[in-house]
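# Results of the structural survey
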Amino acid sequence: MKTEVLRIKTGSDHRDAVDQAAGVLRSGGVVVFPTETVYGIGANAYSDDAVEKIFRAKGRPQDNPLIVHVDSLNSIGMAALTGGISIEPLKTLWPGPLSVLMKKNPLVSSLCTAGLDTVVVRCPDNAFARDMITAAGFPVAAPSANVAGRPSGSDAHDILAELDGRVDLIIDAGRSKFGIESTIVDPLHRPPRILRPGAFAVEDLEKFFPGIVQEKFKIGRDEKPLTPGMKYRHYSPEKPLYFATPAQIIDLNRSDRGREFAYICSRELSGEIDGLRIELGSRENLYEIASSLYSSLRKLDQVPRKMGVIEVFPERGIGVAIMNRIEKAALPLGRAPKS
Ligand code: TXA
Ligand code: MG
């Protein structure tokens, strides 16, 4: 398949690109488009054939359902049956990095929801994405833009390298604002609960979903995952990656094995160690860390080291989502093979 690439600039007129992307979607094709979290691989959520192409492009297991994107709160009914739930919080939180579990509108392809009678819906805070959905005239199913198992695509440059030839069109809008996926909430559960931590922290949501709980996202072998996606390997670079505290990393760096590793770390820790470092940004600004996380994981595969170690961050605010991704992408340093 030949992939066309269109570059757009934030704030400039993107009408032609919107029309072209919507045209591809209307003819049943697949478009990679920007959102404020990560890029999505989009197709018509009402069409089994179109949705099937997303699963194929990603190599995604068919039991892992896709998020459905709408252009506004007014269009929520195009994706979900909203009876029985309060959409009041969405008046403030949408458009934004919040995805909500609801009863599925029967028009949504059951391939898209992996046969479930629920659907996860989101309205992205990105003008291009919303205009494209409006112009298409149907909700757009879109998982993160990456091959299944790999780090999500938050930078058009990485996505081109990975998805060229697998999709019809890529809209290149540079780097995503948050760089980490949306928070998924189940408002039907009592109490409401977070199914996947993301760009909205639990603190951001408490006011809107009173009593909201953040489950433990690690699952034992026999437990039922909160979302089907939880049971799969995720966000992983090809090389072995381990996570460790700053103190452990300093020890490792000074040890005989120190030169075998690439160090994915904060600017602060980078100043305290030697060797090959991939900087994530300041430890004092976890949003900065989030926004460079996935491209840094991808960089590990390009540097001349056999393995990597990544610093851990405090589990507060967006740090919960950062650590959730790091723990899926990496193993604790203690489990690294001894050389
Ligand atoms: O920020 C985001 O949410 C990005 C952008 C593109 O919008 N999308 C995204 O999609 O992260 P994806 O497919 O990579 O992750 C969707 C997650 C998966 O873990 C999936 O299992 C879960 O949502 N999910 C989708 N539908 C579900 C459902 N009906 N019930 C439970 N979990 C569901
Ligand atoms: Mg994903």
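What counts as what
Residues numbered from 1 in each chain as written. Chains lettered and ligands numbered in written order. Predicted model: local features only at pLDDT ≥ 70, side-chain atom pairs only at ≥ 80, totals over all residues. Heavy atoms only, no water. Domains from an automatic or database assignment. Contact = heavy atoms within 4.5 Å. Buried area = accessible area lost by both parts, 1.4 Å probe. Salt bridge = Lys/Arg side-chain N within 4 Å of Asp/Glu carboxyl O. Polar contact = N/O pair within 3.5 Å; in protein donor to acceptor, adjacent residues only side chain to side chain. Helix = DSSP H or I, 4+ residues; strand = E, 2+ residues; numbered from the N terminus. Nonpolar A, V, L, I, M, F, W, Y, C, P; charged D, E, K, R; others polar. Buried < 20%, exposed > 50% of the residue type's maximum accessible area, 1.4 Å probe, protein only. Pairing = 2+ DSSP bridges.

## Details of the domain arrangement of the chain
Annotation of the chain at the domain level lists domain 1 (4–214) and domain 2 (241–335). Using only C-alpha atoms to locate each centre, domain 1 and domain 2 end up separated by 28 Å. Listed per partner, the contact involves 23 residues of domain 1 and 17 residues of domain 2. Of the roughly 1600 Å² buried between domain 1 and domain 2, counting both surfaces, carbon and sulfur atoms make up 51%. When the buried surface of domain 1 facing domain 2 is broken down by residue, Pro151, Ile180 and Pro197 rank first, second and third, together holding 30% of it. Between the two partners, domain 1 and domain 2, sit four salt bridges. Summed over the shared surface of domain 1 and domain 2, the number is eight residue pairs in polar contact (both at pLDDT 80 or more). Among the secondary structure elements, those contributing two or more residues to the side of domain 1 that touches domain 2 are helix H5 (156–163) and helix H6 (202–205). Taken together, the residues that form the side of domain 1 that touches domain 2 break down as seven nonpolar, seven polar and nine charged.

## Remarks on the side chain of asparagine 253
Positionally, asparagine 253 belongs in helix H7 (residues 246–254). Judged by its relative accessible area of 13%, asparagine 253 falls in the buried class. Excluding residues within four positions of it along the chain, asparagine 253 makes contact with Gly258, Tyr263, Ile273 and Asp274.

## With respect to the pairing of strand S7 (residues 118–122)
Among the five residues that make up S7, five are buried, leaving the element largely enclosed by the rest of the structure. Side chains Thr118, Val120 and Arg122 of S7 all project onto a buried face; the interleaved residues Val119 and Val121 project onto the opposite face, where all are buried too. Note that strand S4 (residues 67–69) and S7 share three bridges and pair parallel. Residue isoleucine 67 lies in a different strand from S7, and its bridge partner there is valine 120. Bridge analysis of strand S6 (residues 98–104) against S7 gives five bridges, and the strand direction is antiparallel. Within S7, the position partnered with valine 100 by the bridge is valine 121.

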